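Spelled out from the first residue to the last, the chains are:
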Amino acid sequence: MAHTRPLSPHLTIWKWRITMAISIMHRATGMALVFAGLLLFALWLLAAAAGKEAYEMFAGLAASPIGWLIWVGISWSFFQHLLSGIRHLLMDSGWGYELGVARASAIWVFVGAVLLTAAFWAAFCFGSGLV
Amino acid sequence: MTSKFTSASTIKGVRGLGAARSGVHHWWMQRVTAAGNLLLMAWFIISLILLPDLSFESVTAWVARPLVAIPLLLLILSSFWHARLGVQVVLEDYVHTEGMKLLATLALNFFILGTAAVAIFSLLSIAFGGPRA
């Protein structure tokens, strides 16, 4: 019984479309935000609570090339998930189901996430005097 | 082309809380915490940009301020709750055997509660002036 009926979601039989790509991306970025973002957020607070030495070890690893890659990845995941989440909330209200609108809003989410990520890092580095 | 949606659910089915036995509570809390995350993350991101640097001294002094510690606490509650609800749905969709689904959901709950406890304890420890080196 368990496997005789179709189970969702059929990742393997979907034709690639931007509307399904954005749905999958919403889940993928959500998972990244939980298992990388929230975990590192908790460790950052733990390091700060543990004292200067622990915090500076965390900060040293965070400022390494791999660290930067992780922060950029998390921030892009966040903005992608944020914009696609707003798209979800709008669709919850009944907006944007027409094919053209659904495609256009998906494109804008992908573009907007990259722009917001770039804007955040520009503001962060400028504000912190790194640039 | 506009979509037309009809619901075949009976009020009895909804009040009986359906197969998940919890009605729309999960779905609704996902939206409530999403709205919370939206506001609190906007505040958090702007704060990160405005902080002079992310040194130990700057960060601990910032976190210890009541009007920072309280929204940070709310951010932890809202984001970890949202995370738990979201990953639960992914597990329900992709883990197809009941035993594995139960184990995976249990592991998720332990992970979320454990990580949230670390974050909350650390935050309060800094806010209430715990050990600083």
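Everything quoted here is computed from the prediction, not taken from an experiment.

## A look at the overall build of chain B
Logical step 1: A tally of helices and strands in chain B yields five helices and zero strands.
Logical step 2: When the elements of chain B are put in sequence order from the N terminus, they spell out α-α-α-α-α.
Logical step 3: Counting only contacts in chain B whose residues sit at least 6 apart along the sequence, the fraction spanning at least 24 positions is 71%.
Logical step 4: Carbon and sulfur atoms make up 74% of the accessible area of chain B, which amounts to about 8100 Å² in all.

## Quick look at the overall build of chain A
Logical step 1: Within chain A, the regular secondary structure consists of four helices and zero strands.
Logical step 2: Along chain A, helices and strands appear, N-terminal first, in the series α-α-α-α.
Logical step 3: For chain A, long-range pairs separated by at least 24 residues make up 71% of all intrachain contacts whose partners lie at least 6 apart in sequence.
Logical step 4: Total accessible area on chain A is roughly 7700 Å²; 76% of this is exposed by carbon and sulfur atoms.

## Regarding helix α5 (residues 98–127) of chain B
Think of an α-helix as turning once every 3.6 residues; residues three or four places apart then point the same way.
Logical step 1: Its 30 residues give α5 of chain B an end-to-end C-alpha distance of 43 Å, which sits within 8% of 44 Å, the value for a rise of 1.5 Å per residue.
Logical step 2: Every buried residue belonging to α5 of chain B is among K101, T105, L108, N109, I112, T115, A116, A119, S122, L123, S125 and I126 of chain B, and all of these are buried.
Logical step 3: Those residues of α5 of chain B that are buried are in contact with α1 (18–50) of chain A together with α3 (56–63) and α4 (66–94) of chain B.

## Looking at α1 of chain A
Residue and element names in this part refer to chain A.
Logical step 1: With 33 residues, α1 should cover 48 Å at 1.5 Å per step; its first-to-last C-alpha distance of 45 Å lies within 8% of that length.
Logical step 2: Along its length, α1 reaches its greatest deviation from straightness, about 35°, at L33.
Logical step 3: At the C-terminal side of α1, G51 shows a positive phi close to 125°.

## What to know about the interface of chain B and chain A
Logical step 1: Tallying the contact residues gives 45 residues for chain B and 35 residues for chain A.
Logical step 2: The contact between chain B and chain A buries some 3600 Å² in all, and 76% of this surface belongs to carbon and sulfur atoms.
Logical step 3: Linking chain B to chain A there are three salt bridges.
Logical step 4: When contributions to the side of chain B that touches chain A are tallied by element, the ones reaching two or more residues are α2 (25–50), α3, α4 and α5 of chain B.
Logical step 5: If one sorts the elements of the side of chain B that touches chain A by residue count, α4 of chain B sits on top with 12 residues.
Logical step 6: Considered class by class, the residues forming the side of chain B that touches chain A number 31 nonpolar, 11 polar and three charged.

## Looking at the environment of K101 of chain B
Residue and element names in this part refer to chain B.
Logical step 1: Position of K101 relative to the elements: it lies in helix α5.
Logical step 2: The class of K101 is buried, set by a relative accessible area of 19%.
Logical step 3: Sequence spacing of K101 and L91 is 10 residues, and the spatial spacing of their C-alpha atoms is 6.7 Å.
Logical step 4: If we skip the residues at most four places from it in the chain, K101 touches L91, E92 and V95.

## Looking at the nonpolar core
In globular proteins that are soluble, nonpolar side chains generally tend to be buried together.
Logical step 1: Within the largest apolar cluster, 52 residues are counted, with the highest numbers of intra-cluster contacts made by F41 and W44 of chain A together with F44, W62 and L72 of chain B.
Logical step 2: If one sorts the elements of this core by residue count, α1 of chain A sits on top with 11 residues.

## Quick notes on the packing of helix α3 (residues 65–92) of chain A against α2 of chain B
Logical step 1: Where α3 of chain A meets α2 of chain B, the closest approach of the two axes is 11 Å, and the angle between their N-to-C directions is 135°. It follows from the interaxial angle that α3 of chain A and α2 of chain B lie oblique. Here α3 of chain A runs over α2 of chain B; the crossing is left-handed. Residues F78, F79, L82, I86, L89 and D92 of chain A of α3 of chain A pack against W27, R31, L38, M41 and I45 of chain B of α2 of chain B.
Logical step 2: Per-class residue counts for the contact of α3 of chain A with α2 of chain B are nine nonpolar, no polar and two charged.

## Section: the environment of A62 of chain A
Residue and element names in this part refer to chain A.
Logical step 1: Position of A62 among the secondary structure elements: in helix α2 (residues 52–62).
Logical step 2: The exposure class assigned to A62 is buried, which follows from its relative accessible area of 16%.
Logical step 3: Taking the C-alpha atoms as reference points, A62 and W44, 18 residues apart in sequence, are found 9.6 Å from one another.
Logical step 4: Setting aside residues up to four positions removed in sequence, A62 forms contacts with G67, W68 and W71.

## Thoughts on the pattern of salt bridges
Logical step 1: Considering all chains together, one arrives at five salt bridges over all chains under this definition.
Logical step 2: When the shortest N-O distance is used, the salt bridge between E98 of chain B and K101 of chain B registers 3.8 Å. Pair noted here: E98 of chain B and K101 of chain B are both in helix α5, with a separation of three residues, about one helical turn.
Logical step 3: Shared partners join several salt bridges into a network, and the residues in it are K52 and E56 of chain A together with E57 of chain B.

Rules behind the numbers
Residues numbered from 1 in each chain as written. Chains lettered and ligands numbered in written order. Predicted model: local features only at pLDDT ≥ 70, side-chain atom pairs only at ≥ 80, totals over all residues. Heavy atoms only, no water. Helix = DSSP H or I, 4+ residues; strand = E, 2+ residues; numbered from the N terminus. Contact = heavy atoms within 4.5 Å. Areas by Shrake-Rupley, 256 points an atom, 1.4 Å probe, with all protein chains shown as cover. Expected span 1.5 Å × (residues − 1). Buried < 20%, exposed > 50% of the residue type's maximum accessible area, 1.4 Å probe, protein only. Bend = angle between axes of the 7 residues up to and from the residue. Buried area = accessible area lost by both parts, 1.4 Å probe. Salt bridge = Lys/Arg side-chain N within 4 Å of Asp/Glu carboxyl O. Nonpolar A, V, L, I, M, F, W, Y, C, P; charged D, E, K, R; others polar. Core = buried A, V, L, I, M, F, W, Y, C linked by side-chain atoms within 4.5 Å. Axes fitted to C-alpha atoms, helices over the stretch in contact; angles between N-to-C directions. Parallel < 35°, antiparallel > 145°, perpendicular 65-115°, else oblique. Left-handed = near helix turned anticlockwise from the far one by under 90°.

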